Amino acid sequence: MKSTSADEVADAWARLLRHLLEASPIVKNVAIDAAPNRDGKGCDGEAEFTIDGESHRLIIECKSSGQPRHLRSAMSQLDLQITRSTGLTRGLVVAPFISPASRAMLAENDLGWLDLAGNARIVFPRFHLEISKADRDPFATKREQRSLFFPKSARLLKLLLQQPRLSWKVADLAAKTEVSIGQVSNVRRALIEREWAEAAAGEGFRLTQPDALLDAWRDDGLWAPRVALRGHTLKHGRALQTAIEEVFADVARQGSHVLLASHSVARRVAPYARTVGEFFYAAPDTVLLFTFRLQLSPFSPTERGENVTIFHPSDEGLWKETMALGPKLQGTGPIQTYLDLLSTGERGREAADHWRAEKIHPLWAKEL
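Remember, it's a predicted structure, so these values are computed and weren't measured experimentally. (Residues numbered from 1 in each chain as written. Predicted model: local features only at pLDDT ≥ 70, side-chain atom pairs only at ≥ 80, totals over all residues. Heavy atoms only, no water.)

(A) Region of interest: the overall build of the protein. If you tally the helices and strands in the protein, you get 13 helices and 16 strands. Taking 368 residues into account, the globule formula puts the C-alpha radius of gyration at 21 Å, and the protein, at 27 Å, lies well above it. Across its three principal directions, the C-alpha atoms of the protein cover 85 × 50 × 35 Å. Counting only residues that meet the buried cut, the protein has 47% of its 368 residues in that class. In the protein, once contacts between residues fewer than 6 apart in sequence are set aside, the share between residues at least 24 apart is 60%. Looking at the protein as shown, the accessible area adds up to about 18,100 Å², and 50% of this sits on carbon and sulfur atoms. (Helix = DSSP H or I, 4+ residues; strand = E, 2+ residues; numbered from the N terminus. Rg over C-alpha atoms; globule rule 2.2 N^0.38 Å. Buried < 20%, exposed > 50% of the residue type's maximum accessible area, 1.4 Å probe, protein only. Contact = heavy atoms within 4.5 Å. Areas by Shrake-Rupley, 256 points an atom, 1.4 Å probe, with all protein chains shown as cover.)

(B) Structural context of the environment of cysteine 62. Among the structural elements, cysteine 62 can be located in strand S3 (residues 54–62). Each C-alpha atom, one on cysteine 62 and one on valine 94, is 4.7 Å from the other, the two residues being 32 residues apart in sequence. Apart from the residues within four sequence positions on either side, cysteine 62 is in contact with Val9, Trp13, Asp44 and Val94.

(C) View of the packing of aromatic side chains. Counted by the stated rule, this structure contains seven aromatic pairs. Judged by centre distance (5.3 Å) and plane angle (25 degrees), the rings of phenylalanine 149 and tryptophan 217 are stacked. One end of the pair, phenylalanine 149, is in the loop between helix H4 (142–146) and helix H5 (151–162); the other, tryptophan 217, is in helix H8 (residues 210–220), and 68 residues separate them in sequence. A relative accessible area of 3% places tryptophan 217 in the buried class. (Phe/Tyr/Trp six-rings, centres within 6.5 Å; stacked < 30°, edge-to-face > 60°.)

(D) Representation of the pairing of S3. Summarising burial for S3: seven of the nine residues are buried, a large majority. As judged from the seven bridges shared by strand S2 (residues 45–51) and S3, these two strands associate in the antiparallel manner. The residue bridging glycine 45 from the neighbouring strand is isoleucine 60, located in S3. Here S2 hands over to S3 after two residues, with aspartate 52 in that stretch at a positive phi of 50 degrees. Judged from the seven bridges that link them, S3 and strand S4 (residues 88–95) form a sheet pairing that is parallel. Bridging across to S4, arginine 57 finds its partner in threonine 89. For the crossover from S3 across helix H2 (residues 68–84) to S4, the handedness is right-handed. (Pairing = 2+ DSSP bridges. Right-handed = clockwise from strand over helix to strand, strands pointing away.)

(E) A look at unusual backbone geometry. At aspartate 110, a position not held by glycine, the phi torsion is positive, near 60 degrees. Its location among the elements puts aspartate 110 in the loop between helix H3 (100–108) and strand S5 (112–115). Non-glycine residue glutamate 178 carries a positive phi angle of around 60 degrees. Here glutamate 178 is to be found in the loop between helix H6 (170–177) and helix H7 (181–193). The class of glutamate 178 is exposed, set by a relative accessible area of 56%.

(F) View of the packing of H2 against H3. The interhelical angle for the contact between H2 and H3, taken along N-to-C directions, is 25 degrees, at an axis separation of 10 Å. Judged by the angle between their axes, H2 and H3 are roughly parallel. When you trace H2 past H3, the crossing you get is right-handed. Residues Pro68, Leu71, Arg72 and Met75 of H2 form the contact with H3, whose own contacting residues are Ala101, Ser102, Met105 and Leu106. A per-class count over the contact of H2 with H3 returns six nonpolar, one polar and one charged. (Axes fitted to C-alpha atoms, helices over the stretch in contact; angles between N-to-C directions. Parallel < 35°, antiparallel > 145°, perpendicular 65-115°, else oblique. Left-handed = near helix turned anticlockwise from the far one by under 90°. Nonpolar A, V, L, I, M, F, W, Y, C, P; charged D, E, K, R; others polar.)

(G) The pattern of salt bridges, seen in detail. According to the stated counting rule, one finds 22 salt bridges in the structure shown. Arginine 218 serves as the salt-bridge partner of aspartate 215, at 3.3 Å between the closest nitrogen and oxygen. Of the two residues, aspartate 215 and arginine 218 both sit in helix H8, three residues apart, roughly one turn of that helix. Classification of arginine 218 by relative accessible area gives partly exposed; the value is 22%. Arginine 267 is paired through a salt bridge with glutamate 278; the nearest N and O atoms lie 3.4 Å apart. One end of the pair, arginine 267, is in helix H10 (residues 262–269); the other, glutamate 278, is in strand S12 (residues 278–282), and eleven residues separate them in sequence. Assessed through its relative accessible area of 24%, arginine 267 is described here as partly exposed. (Salt bridge = Lys/Arg side-chain N within 4 Å of Asp/Glu carboxyl O.)

Right, dumping it as structure tokens:
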């Protein structure tokens, strides 16, 4: 679906507002002035209606984006206009989509909203209209929704989420993650735009809403890892553990990379529900080691289920965020483990919620 422009908002709000007001049996004499800034009014429109003969007035401000930082100027303008008004007057912000965070901010300031996704709130002493139809922006393209979580950007986000209270200069973050300064600047701008991060002059920027960022990643940016190999091993218990340790030792000797992943990490650190099998990320040149050390048989759905799954890394940054699992094993870090658990179905999502509560939130608490 294509994005919605400011012109489309300006063209549509009066019709939508009239429809909402006239649908109420107690609202009469609806009159809408959609001529912006006429006669120096300093607003984008007005609406008047009566309830039991008493006049009610709305002052409208239209914005091209409903993200919180874009609404602050509208809020200031509306507050000024309301202060100058006589009679029963309320402010109304109109945008293509007004996010839940923006709605909360507007409600705290006694302002209403109307968006093209169907969300609305208009409150007077004897009139309360509130409609909630969408908490996610239906006008953003899939690429726009997910671009923040593409692999190179994800490398940055995982580092920020590991230490959300730490302030970063763009150049320092680029050097730490081996990502271009331009890419870091784009991520920084996107995070600040959504008010998930803040910047202070001379002090870099830092996350302020890590949970909101992680929620968005869960809802809009999840990528299932690409499978390199599925197989079945007859090894179990101590024999399997020894074989896995031998794989790690072999990989270390050849200077390559391997990590335990997903449920294999969660099972060893914060067990929730038992999921059969071992999961790994492995560099391409290490995959044959698994076949040898674990004596893998090719996976055949008609004969036996796989109990070993090996994933391709989507980005070399995966090897930067790791977690020690004893003296001989390493696993994916807390953020990557959370994302991988989410991609394994309903049980995986339950395990991910448990992981987030048991490992990620305490990690953030240490930063306070």
